[in-house]
Amino acid sequence: MSDKSDLTESTPDRVEKLPAAKPPHISSGQEAEKTNNYKIERDPSAKISAARKESYLAEDVANLLIQQIGLELNNQYLYHNFGVWYDINSLFGQAAYMYHRAGEERDHAQWIIDYLTQADYLFSIPGTDAHYIDIYKGKESLCIKDPHDEVLVREIETTRSINNIRAVAGETHDYITQHFLRRLILEQAEEEELSHTALDIFDHTDDPLIVDKYFKDVVMQQLEAEKK
């Protein structure tokens, strides 16, 4: 049996490290060749059309946006005509309410106009439809509630139209337009809620002066909110 001192003497005090292996020498030509091996793969089928270079908007989406401008402007004229009718009948609160709603529709149209021009898409602003903005629609007269019924219908149609544009934009992977439309969609939720509330007032009272004061207060609240 060997002595422990023998084991101690045979153990080296330290382990010598082997020198690190040197990489093989690469000439500058080889380095360039190695770098050039890393290439960006492109899909040859994904060619960029001349139209895409002009604007990121697809024609189908752009045409729907242009139609939406016409819809918003027709709403503007219709609501303005309702305001004139209320003004003539001395219902000044509801006149102010309709004028304010008309201004919002004009703003919405301008948002879309600004978006199309930002996208460098050449277009013309659509004209108005005389039948669409006719407040009577074949009736000989209106009752005080009729314009509010019509406004709700128009706002529902407007929401459907915007939702359709967003769906078509999704089909064409136009996420820029989808993001833009989010602002209009949120605005439509407010517009429909306001229109529903307006009709609810008529369920609570038949007094035209109380009704008219409510709409005057609504306009004042909206104007105050816009100042903030």
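The sections below set out a description of the structure shown in this document. (Residues numbered from 1 in each chain as written. Predicted model: local features only at pLDDT ≥ 70, side-chain atom pairs only at ≥ 80, totals over all residues. Heavy atoms only, no water.)

### Let's talk about the environment of A95
Here is step 1 of the chain: Topologically, A95 is positioned in helix α5 (residues 92-118).
Here is step 2 of the chain: Given a relative accessible area of 1%, A95 falls into the buried group.
Here is step 3 of the chain: Setting aside anything within four residues of it in sequence, one finds A95 in contact with G83, Y86 and D87. (Helix = DSSP H or I, 4+ residues; strand = E, 2+ residues; numbered from the N terminus. Buried < 20%, exposed > 50% of the residue type's maximum accessible area, 1.4 Å probe, protein only. Contact = heavy atoms within 4.5 Å.)

### Some details on the side chain of H100
Here is step 1 of the chain: In this fold, H100 is placed in helix α5.
Here is step 2 of the chain: What makes H100 buried here is its relative accessible area of 12%.
Here is step 3 of the chain: The residues touching H100, leaving out its near neighbours within four places in the chain, are Q222, L223 and E226.

### Quick notes on the pattern of salt bridges
Here is step 1 of the chain: Overall, the coordinates contain 8 salt bridges when judged by the stated rule.
Here is step 2 of the chain: Salt-bridge contacts for E150 lead to R154; the nearest nitrogen and oxygen are separated by 2.7 Å. A residue pair is termed a helical-turn pair when its members lie 3 or 4 positions apart in one helix, as E150 and R154 do in helix α6 (residues 146-171) at 4 residues.
Here is step 3 of the chain: Note that E157 and R154 form a salt bridge whose closest N and O atoms lie 3.3 Å from each other. You can see E157 and its partner R154 sitting in helix α6, 3 residues apart, about one turn around the helix.
Here is step 4 of the chain: Taking the relative accessible area as the measure of exposure, R154 reaches 8% and is therefore buried.
Here is step 5 of the chain: Look at the salt bridges and you will find they share partners, linking R101, E104, E155 and E191 into a network. (Salt bridge = Lys/Arg side-chain N within 4 Å of Asp/Glu carboxyl O.)

### Focus: helix α4 (residues 59-88)
Here is step 1 of the chain: Helix length check: α4, at 30 residues, gives a terminal C-alpha distance of 44 Å against a target of 44 Å (1.5 Å per residue), a fit within 8%.
Here is step 2 of the chain: Phi for S90, located one or two positions after α4, is positive at around 60°. (Expected span 1.5 Å × (residues − 1).)

### Quick notes on the packing of aromatic side chains
Here is step 1 of the chain: Here the structure, examined in full by the defined rule, presents 6 aromatic pairs.
Here is step 2 of the chain: Here the aromatic rings of Y115 and F180 are separated by 4.2 Å at their centres, their planes lie at 5°, and the arrangement is stacked. Highlighted residues: Y115 in helix α5 and F180 in helix α7 (residues 175-204), separated in sequence by 65 residues. No difference in accessibility class separates Y115 from F180, as the two residues are buried.
Here is step 3 of the chain: Arranged with centres 6.3 Å apart and planes meeting at 40°, the rings of F202 and F215 form a pair that is tilted. Of this pair, F202 sits in helix α7 while F215 sits in helix α8 (residues 208-227), and the two are 13 residues apart along the sequence.
Here is step 4 of the chain: On the basis of relative accessible area, F202 is assigned to the buried category, the value being 12%.
Here is step 5 of the chain: Of the residues examined, F215 reaches a relative accessible area of 0% and is grouped as buried. (Phe/Tyr/Trp six-rings, centres within 6.5 Å; stacked < 30°, edge-to-face > 60°.)

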